[in-house]
Amino acid sequence: MTTTAAYPEPVAPLISVLIPAKNEAGNIGTLVGEVAAALSPVCRFEVVLVDDGSTDGTAAEFVQACKDLGAQGQLVQHQASVGQSTAVATAARHARGKYLVTIDGDGQNDPADIPELLRAAQEIAPSAEHFCIAGYRKNRQDTEWKKFQSRVANGVRQRILNDQVPDTGCGLKLIPKQTWEVLPYFDHMHRFIPALVCRIGGTIRVVPVNHRARGVGVSKYTAWNRVWVGLVDMAGVAWLARRAKRPVIVGHQRVAFADHHEKSA
């Protein structure tokens, strides 16, 4: 059920922080608090949480955190889990900000890095219509096995797509909403955002970001159990990229037919 509270529409935020989450009670409240601490001194923001079929208290914890902090928030709940990409797409569809920041719900991404992503975006924005600021976890706080999986996946992806990022698995990214709206949607697409932005002639910038150990719960997504479907996805993205055509506009005129008729009359 979708409900809308009878309150005046708040002023549109500069940033919408998009959080896909499934069974992240114990992490979400802390994460929302860290987002508020990072962005309250910087700009207007909102937090959009998509509860992807959780069976714990993720949704209630999010709502309470927003109330306690006085933070603009949107809670969207999926009846059943449909995966991270679709959860991110749902969040983006509801977001009101000029810039969308994706962040994982497990607390391993550090919201304190978001202002640096915003600074990079504001440097690029005057000269680029479409772009992506991608986080790079230089010092990953994961097991050696998980880091090995990620190196394999990133190596294969770079060879096939050459998307200009060393760590597409980092959940912390910023893109303009107008850029998101022209990207194709498909399952698993959140892993290929830089490549999809490159496809439309966008600019990519990589920003080193902090990475932390998970506090509560276990990972819902692993690199290894995605590798085979990932190869299929990469082949599809490569196919899209090869067939992209970007026309160079050399002229654009508006012809005001109404003026002619008014003068004739």
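That block above? That's the structure.
Residues numbered from 1 in each chain as written. Predicted model: local features only at pLDDT ≥ 70, side-chain atom pairs only at ≥ 80, totals over all residues. Heavy atoms only, no water.

**Student:** Even after reading the chapter, I still don't get the packing of aromatic side chains, so can you show me in this structure?
**Tutor:** For the coordinates displayed, the defined rule picks out one aromatic pair. Here Y99 and F131 contribute two aromatic rings whose centre-to-centre distance is 6.2 Å and whose plane-to-plane angle is 50°, an arrangement assigned as tilted. Of the two residues, Y99 sits in strand 4 (residues 99–102) while F131 sits in strand 5 (residues 131–137), which places them 32 residues apart along the sequence. A relative accessible area of 4% means that Y99 is categorised as buried. (Phe/Tyr/Trp six-rings, centres within 6.5 Å; stacked < 30°, edge-to-face > 60°. Helix = DSSP H or I, 4+ residues; strand = E, 2+ residues; numbered from the N terminus. Buried < 20%, exposed > 50% of the residue type's maximum accessible area, 1.4 Å probe, protein only.)

**Student:** Which parts of the structure should I look at to understand empty space enclosed by the protein?
**Tutor:** Where empty space is left can be seen by rolling a probe of water-molecule size over the atoms. Counted under the stated rule, the structure contains two cavities of 30 Å³ or more. Empty space within the second largest cavity amounts to approximately 50 Å³. For the second largest cavity, the full set of lining residues is L18, V88, L100, T102, K173, L174, I175, W180 and I193. Elements that contribute at least two residues to the lining of the second largest cavity include exactly strand 4 and strand 6 (173–176). Element by element, the count of residues in the lining of the second largest cavity is highest for strand 6, at three residues. Of the residues that constitute the lining of the second largest cavity, the class distribution is seven nonpolar, one polar and one charged. (1 Å grid on protein atoms, 1.4 Å probe; cavity = no way out; pocket = protein on both sides within 12 Å on 5 of 7 lines; lining within 4 Å. Points joined across faces, edges and corners; volume = space filled by probe spheres on them. Nonpolar A, V, L, I, M, F, W, Y, C, P; charged D, E, K, R; others polar.)

These values are about where atoms sit, not about what they do.
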